[in-house]
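Below, each chain spelled out in residue letters.
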Amino acid sequence: MELEKAYEPQRFEPHWAEWWVESGIFHADPRAPGPRFSLAVPPPNVTGSLHIGHMLDHTVIDTATRWHRMRGDNSLFLPGTDHAGIATQMLVERSLAAEGITRQQLGREEFVRRVWEWKEKYGNRITSQMKRIGDSCDWSRERFTLAPDLSRAVLEAFVRLYERGLIYRGTYMVNWCPRCATALSDLEVKHDDTQGNLWHIRYPVNNSSRYLIVATTRPETMLGDTAVAVNPADPRYQDLAGQTVTLPLMNRPIPIIFDDIADPKFGTGVVKITPAHDPNDLEAGKRHDLPQIKVIGEDARMTADAGPYAGLDRFEARRRIVADLEKQGLLEKVEPYAVALSKCDRCGTIVEPLISTQWFVKTKPLAEKAMAAVNEGRIQFVPDNWNKTFFNWMENIRDWCISRQLWWGHRIPAWHCGNCKTITVARQTPASCPNCQSADLTQDSDVLDTWFSSSLWPFSTLGWPAETDDLRAYYPTSLMITGFDILFFWVARMMMMGIELTGDVPFRQVHMHGLVRDPERKKMSKTKGNVVDPLDINEKYGTDACRLWLLMAAAPGTDITYNEDKLASARQFANKLWNAARLLLMNMESAGIEPCLPEPGQLETLEDRWIFSRLGRTAESVNRALEQHRYHEVAEELWQFFWHDFCDWYLEIKKLRLSPNSGLTNDWRNILGLFSAYLRLQHPILPFITEELWHRFGQNTSIALAKYPQAGSTDEAAEREMGLLQDMVTAVRKLKADNGLDDKLELAGVLYCRNGSRNVEFPVVEWLAKVKLEVRTDAPPALTGAVRSTAQFDLSLQLPEVDTEALRQRLLKEIGVLEKLVGNSDRQLANEEFVSRAPAHVVESLRAKRTEYLAQITKNRDMLNQL
Ligand SMILES: [Zn+2]
Ligand SMILES: [Zn+2]
């Protein structure tokens, strides 16, 4: 029954991870009693592998779920993955490219079959990683967004929204990625600030010698200009009403229009109007009934309407156009200009705004309902400072472009009639056109944005649109835990869809946590090469230590900085728990007790009354902090309780009480009862080590199903008395330290007690402080030498004859070493190259160490002076 000497989490973590899955103990039963707690995991991309952000997500989710389950709630933690439209399609396309095949050569059906094949083969990597990190999921309910049941939900959602006029087809300006050959939603476009140019171009006014000068960052679009605009209030151009200019290079007359789109304060106050390639120009064009001339195509090449530039790549066309303008003397000037380049979030290609016919969700009415839910408190953000960001975005929301020109995804349930052009949206493939009865029907070739199916996740996973037991029992879900980076992509859309389609909120609370950043507080990214792999961390420190570190660092509303020292100390904590268990088991063996975790017995001794009082308080604040998602407080509280109360004091005192072959005494019952409660308190955070120790102490059911300790009664007299005892022990230890004496050196002393302090169990003080005490109740004489006085007692310690010379030598030697260390740090910190190149945290810790050395030198000098 002896525990291995070293704490080696790698030895038992995989075992419990597997056992949790195979034993099926996390299976949720909708008909079981108890308050409901349910939560669906943010579905990771099926192409993905676990990154540190997931690790944080899953640690918080799993901690919350395990706590609810142990409290007796009927708990469901539902796992699953997202088909990840563009991401997966790109991956398979790349592997096809390696074989020299394009998806067009394969054809749609065969290509989709290949993607499924890929998914079956590689798509379970992320779920096996979730199993390995101990996610307490109900794996019998694993879902996939493109599986038949969830696809049915997508179909139903689309048709219902269409029937309610909340989905429409329209021709608008969209973000177009020429590489991915698809439209993108605003959220799938990232903006890169780069240095570009502002080209100032002369447009000759017809029948005049004047020029109007327009400035643009995208000169290739000028080929599609259908007007130039000036502000109606701009005095410079009042005489130009009804006139035209000649569009350079194309030699086409275009009108001068008067419109507020032109800002008189910006440059010359003249702007070019290109309705086909700019969303604001499109609006202006509609106001003035201007034609739309599309000069850049979906493939990012110039179209036939681009005249002599037709067929050129857009950037090659730009170079030639600028050169030609210069040749013709129409380039006024070029100046450097900061531009926010729009790029495809997936592949980095510069996005082209193009007019295109797409499917949209009308978001305004949906957003209003979602905002009302937050206003009325039906959905709560934790921390609530996210409300402001949420409202700001929702109030300015634009319609959501949901069609994608891809093959991997949910195909849009719309059929185009080849005869009368009517579009039919239906749940089943129609046999003929409802308008003209023609059988010439073709299904829309587009698929839905991958976030469309994710937005249904909280209810599609529970069987919606069917009225299932799961849906009745577990919807609305209790909680959504996720990083703030997908608030708009996902959280807001789930709120809109959930309320519209089910009539109820998808979750009652949203807990938003920060990002995990590198030691320099920079965002981690593959391109920067500063990514840490959670699986490496788990291998090196153990999954429990990684969870503990993340939770300790995860104060609400703050980002987490990756810090190996903190990880190492989290591992040290787990190691201390292991060692305490080992010590208990060894002592149990010599006492003749089989491993067990009995209920506590009578609380008779001071230390028992005190520690159970402390346990009651700790359980109370831990439960409260868990309720409020203050996980860092939970971790901190449990750390302090174990390290200080339990190890430093309680176990030390108990060593006095235990003896070999005693059997299961009352003392033992209390030690083990307390240890059992502590393991259960820690289980949601440290699932692996607590499960391992639980079994090592003779339990054969999972600790995950044991009862979570609740607030207990407190014993204030015991806490007061113990506080006094601790003060006495600390006083002795402090006097020893101040005089440069070893903690374990046994000394003699006199203790003058007043009032309440007379009842302290002095043998315990003597044992802990390594001191022989003469306890007196009379008033102390004038004390000198090694003395410590408090309101309750005066302590006078008899110091041994000190070999002053030896101590002096020792202190001098120490000072010498410390001064050398200070010198080394000074040299490094004076080296400007080192300071500017070394990571900030390295420099920071060097400075901190230097301060520490200096403090120690001062302390040693003081002692020298006292000798
Ligand atoms: Zn792209
Ligand atoms: Zn028809």
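These lines cover the structure that appears in this document, whether it is placed above or below. Please read these numbers as outputs of a predicted model, since none were measured by experiment.

### Considerations on the pattern of salt bridges
Evaluated as defined, the whole model comprises 62 salt bridges. Notably, a salt bridge pairs Glu633 with Arg630, separated by 2.8 Å at the nearest N-O pair. The class for Arg630 is partly exposed, based on a relative accessible area of 30%. Beyond isolated ion pairs, a larger network of salt bridges with shared partners links Glu607, Asp608, Lys654, Arg657, Asp667 and Glu761.

### Here we look at the coordination of the zinc ion (ligand 1)
Within the protein, the atoms that donate to the zinc ion (ligand 1) are Cys177 (SG), Cys180 (SG), Cys344 (SG) and Cys347 (SG), at distances of 2.2 to 2.4 Å. Coordination geometry of the zinc ion (ligand 1): the four donor atoms subtend angles of 105 to 115 degrees at the metal centre, consistent with an arrangement described as tetrahedral. When the donors of the zinc ion (ligand 1) are listed by position in the chain, the intervening gaps give C-x2-C-x163-C-x2-C. Taking the relative accessible area as the measure of exposure, Cys347 reaches 24% and is therefore partly exposed.

### Thoughts on the pairing of strand 7 (residues 189-204)
Each regular strand carries side chains that alternate between the two faces of the sheet. In terms of strand pairing, strand 7 meets strand 13 (residues 331-344) through 13 bridges, oriented antiparallel. Among the inter-strand pairings, Asp193 is bridged to a residue of strand 13, identified as Ala340. Pairing of strand 7 with strand 8 (residues 211-216), which is carried by six bridges, proceeds in the antiparallel orientation. Bridge pairing in strand 8 places Trp199 opposite Thr216. Counting the residues in the hairpin turn of strand 7 and strand 8 gives six residues, including Asn207, whose phi is positive at 55 degrees.

### Things to note about the coordination of the zinc ion (ligand 2)
Coordination angles at a metal have ideal targets, namely 109.5 degrees for four tetrahedral donors and 90 or 180 degrees for six octahedral donors. Donor atoms from the polypeptide that bind the zinc ion (ligand 2) are Cys417 (SG), Cys420 (SG), Cys433 (SG) and Cys436 (SG), placed at 2.2 to 2.3 Å. Taken together, the four donor atoms coordinating the zinc ion (ligand 2) span angles of 103 to 112 degrees at the metal, a pattern that classifies the geometry as tetrahedral. All donor residues of the zinc ion (ligand 2) come from one chain, and their arrangement in sequence is C-x2-C-x12-C-x2-C. Placement of the pair is Cys420 in the loop between strand 18 (414-417) and strand 19 (423-425) and Cys433 in the loop between strand 19 and strand 20 (441-443), with a sequence separation of 13 residues.

### Things to note about the sheet that holds strand 28 (residues 786-789)
Read from one edge to the other, the open sheet built from four strands follows the order 27-26-29-28, with strand pairing classed as mixed. The sheet terminates laterally at strand 27 (771-776) and strand 28, the two strands that pair on one side only. With direction set aside, neighbouring strand axes in the sheet form an average angle of 20 degrees. In terms of strand pairing, strand 28 meets strand 29 (residues 793-798) through four bridges, oriented antiparallel. Bridge assignment links Ala786 to a residue of strand 29, and that residue is Leu797. Its contacts with the sheet place helix 23 (residues 716-738) against strand 26 (747-753), strand 27, strand 28 and strand 29, and it is angled at close to 35 degrees to strand 29. This element, helix 24 (residues 762-769), spans strand 26 and strand 27 of the sheet and lies at about 150 degrees to strand 27.

Quick notes on the rules
- Residues numbered from 1 in each chain as written.
- Chains lettered and ligands numbered in written order.
- Predicted model: local features only at pLDDT ≥ 70, side-chain atom pairs only at ≥ 80, totals over all residues.
- Heavy atoms only, no water.
- Salt bridge = Lys/Arg side-chain N within 4 Å of Asp/Glu carboxyl O.
- Buried < 20%, exposed > 50% of the residue type's maximum accessible area, 1.4 Å probe, protein only.
- Donors = N, O, S within 2.8 Å, 3.2 Å for Na, K, Ca; no water.
- Tetrahedral: all angles 85-135°; square planar, octahedral: opposite > 155°, others 65-115°.
- Pairing = 2+ DSSP bridges.
- Helix = DSSP H or I, 4+ residues; strand = E, 2+ residues; numbered from the N terminus.
- Axes fitted to C-alpha atoms, helices over the stretch in contact; angles between N-to-C directions.
- Contact = heavy atoms within 4.5 Å.

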